[in-house]
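Close look at the chain arrangement
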Amino acid sequence: MYQTLLTELQEGTFVITINRPDKLNALNKDVIEELGKALDEVYNNADIKSAIITGAGEKGFVAGADISEFTSLDSKGGEALAKKGQDNVFDKAENCPKPIVAAVNGFALGGGCELAMSCHFRIAAENAKFGQPEVNLGLIPGYGGTQRMTQLIGKGKTMELMMTGDMIGAEEAKSLGLVNHVVPQAELMAKTKEILQKIQSKAPIAIAKVISCVNDAAKADKDGFANEIARFGECFDTEDMREGTTAFLEKRKAAFSGK
Ligand code: COA
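These notes cover the structure that comes with them. All figures in this text were calculated on a predicted structure; none of them were measured in a lab.

**With respect to the overall build of the protein chain**
Of regular secondary structure, the protein chain possesses ten helices and ten strands. Radius of gyration (C-alpha) of the protein chain: 19 Å, near the 18 Å computed for a compact globule of 259 residues. C-alpha atoms of the protein chain, sized along the principal axes, occupy 60 × 40 × 35 Å. The burial tally for the protein chain puts 44% of its 259 residues in the buried class. Across the protein chain, every contact between residues at least 6 apart in sequence was considered, and the portion connecting residues at least 24 apart equals 69%. As displayed, the protein chain has an accessible area near 13,200 Å², and 56% of this comes from carbon and sulfur atoms. Between the centroid of the 30 positive side chains of the protein chain and the centroid of its 36 negative side chains there is a distance of 3 Å.

Quick look at the structure:
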């Protein structure tokens with residue numbers, strides 16, 4: 001069904017693998033188009049409870065936007081490319097009501113680092129490398145990187161990484177808060193799935209509200225405190241809240257229905 005992606009649904013987790021390993025999974029137009037469609041599946045398919053974005057091969061997660069597509073663009077074309085990508089993929093991933101985790105298996109550079117940052121959190125293999133090397137090309141990040149990296153690791157380090165174009169390894173990325181866990185490459189998918197299985201055992205409506213409220217913390221035009229009060233209140237009208245609190249009081253494990 002997809003030309004540039006492999007997809008597989010396993011125990012409620014939709015694994016989306018960008019599959020251009022000979023080009024280190026660089027994001028060309030087709031990949032952006034298909035990632036948008038795969039994310040629509042995550043939103044709309046009730047069998048999908050969570051998702052993982054990863055890259056094919058052992059070397060690259062995504063080595064950036066496909067540089068070969070840049071040569072014919074002018075300012076309007078560049079702006080359109082960034083807008084389309086942000087609307088159809090990066091913002092869609094960030095705002096997805098179901099958890100999406102990046103399993104970073106190698107180079108996550110430029111748009112690849114931005115793709116990982118648009119996921120709700122990141123797990124890295126020991127060989128993962130992160131960077132925003134756009135200045136080497138006379139460019140800046142265009143898929144939300146200036147904003148999301150600043151939110152994740154702070155202004156000073158973001159300035160340095162984006163102005164030098166330097167790459168950092170997985171352990172440094174972890175110490176900066178860019179990734180949550182670093183594991184041997186052979187354990188990357190198992191670790192990511194294990195965390196998502198744990199999340200899937202919780203109340204899905206509450207999970208969606210956590211995503212929405214935490215995302216608001218980074219949006220100047222949103223009142224995240226007011227959103228939290230409203231979303232907290234809404235939880236009291238869910239069957240899952242009745243089940244969760246009753247199960248606790250009855251000293252049994254909750255069985256959530258997602259209602
Ligand atoms: N766009 C298009 N093609 C890319 C690419 C990108 N962002 N990143 C890698 N590739 C291609 C290479 O051109 C090469 O293709 P070829 O075999 O047809 O020549 C292939 O992927 C393998 O990459 P290569 O450079 O040979 O691997 P390497 O191990 O020597 O270096 C990197 C790996 C990641 C350091 C290097 O590929 C690189 O710097 N890529 C660009 C990163 C970047 O600037 N990203 C931001 C883009 S805005």
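Don't stop here, the text continues.
**Considerations on the packing of aromatic side chains**
Counted according to the given criterion, the structure contains two aromatic pairs. Relative to Y143, the ring of F90 lies with its centre 4.4 Å away and its plane at 15°, an arrangement referred to as stacked. Here F90, found in helix α2 (residues 75–94), pairs with Y143, found in the loop between β8 (129–131) and α4 (145–153); they are 53 residues apart in sequence, far enough to count as distant. Across this residue pair, the class does not change: F90 and Y143 are buried. Arranged with centres 5.1 Å apart and planes meeting at 70°, the rings of F232 and F236 form a pair that is edge-to-face. Judged by its relative accessible area of 54%, F232 falls in the exposed class. Given the relative accessible area of 34%, F236 is considered partly exposed.

**Details of the site of the ligand**
Around the ligand, the structure places 16 residues, and the nearest of them are K23, K59, A63, A65 and I67. At a separation of 3.5 Å, an oxygen atom of the ligand approaches a polar backbone atom of D22. Between a nitrogen atom of the ligand and a main-chain N or O atom of A65, the distance comes to 2.9 Å. In isolation the ligand offers 860 Å² of accessible surface; the protein chains occlude 59% of this area. Residues of the shell around the ligand, tallied by class, amount to ten nonpolar, one polar and five charged.

**So, the nonpolar core**
Core analysis: the biggest nonpolar cluster contains 45 residues, and I18, L27, L35, F61, L115 and F130 have the highest contact counts within it. For this core, the leading source of residues is helix α1 (residues 29–44), giving six residues. With residues near it in sequence (within four places) discarded, I18 still touches T4, L5, N25, L27, V31, L35, I53, T54, G55, A56, V62 and L115. Of all hydrophobic cores here, the second largest spans 14 residues; its members include V15, V101, I123 and L188.

**With respect to the sheet that holds β8**
Strand order in the open sheet made by the four strands is β4-β6-β8-β9, with mixed pairing throughout. Edge positions in the sheet fall to β4 (60–62) and β9 (167–169), since each of these pairs with one other strand and no more. Taken over all neighbouring pairs, the strand axes of this sheet differ in orientation by 20° on average, direction set aside. Pairing of β4 with strand β6 (residues 107–109), which is carried by two bridges, proceeds in the parallel orientation. Directly across from V62, in β6, lies its bridge partner A108.

About the criteria used
Residues numbered from 1 in each chain as written. Predicted model: local features only at pLDDT ≥ 70, side-chain atom pairs only at ≥ 80, totals over all residues. Heavy atoms only, no water. Helix = DSSP H or I, 4+ residues; strand = E, 2+ residues; numbered from the N terminus. Rg over C-alpha atoms; globule rule 2.2 N^0.38 Å. Buried < 20%, exposed > 50% of the residue type's maximum accessible area, 1.4 Å probe, protein only. Contact = heavy atoms within 4.5 Å. Areas by Shrake-Rupley, 256 points an atom, 1.4 Å probe, with all protein chains shown as cover. Lys, Arg positive; Asp, Glu negative; His and termini not counted. Charge placed at Lys NZ, Arg CZ, Asp CG, Glu CD. Phe/Tyr/Trp six-rings, centres within 6.5 Å; stacked < 30°, edge-to-face > 60°. Near = heavy atom within 4 Å. Polar contact = N/O pair within 3.5 Å; in protein donor to acceptor, adjacent residues only side chain to side chain. Nonpolar A, V, L, I, M, F, W, Y, C, P; charged D, E, K, R; others polar. Core = buried A, V, L, I, M, F, W, Y, C linked by side-chain atoms within 4.5 Å. Pairing = 2+ DSSP bridges. Axes fitted to C-alpha atoms, helices over the stretch in contact; angles between N-to-C directions.

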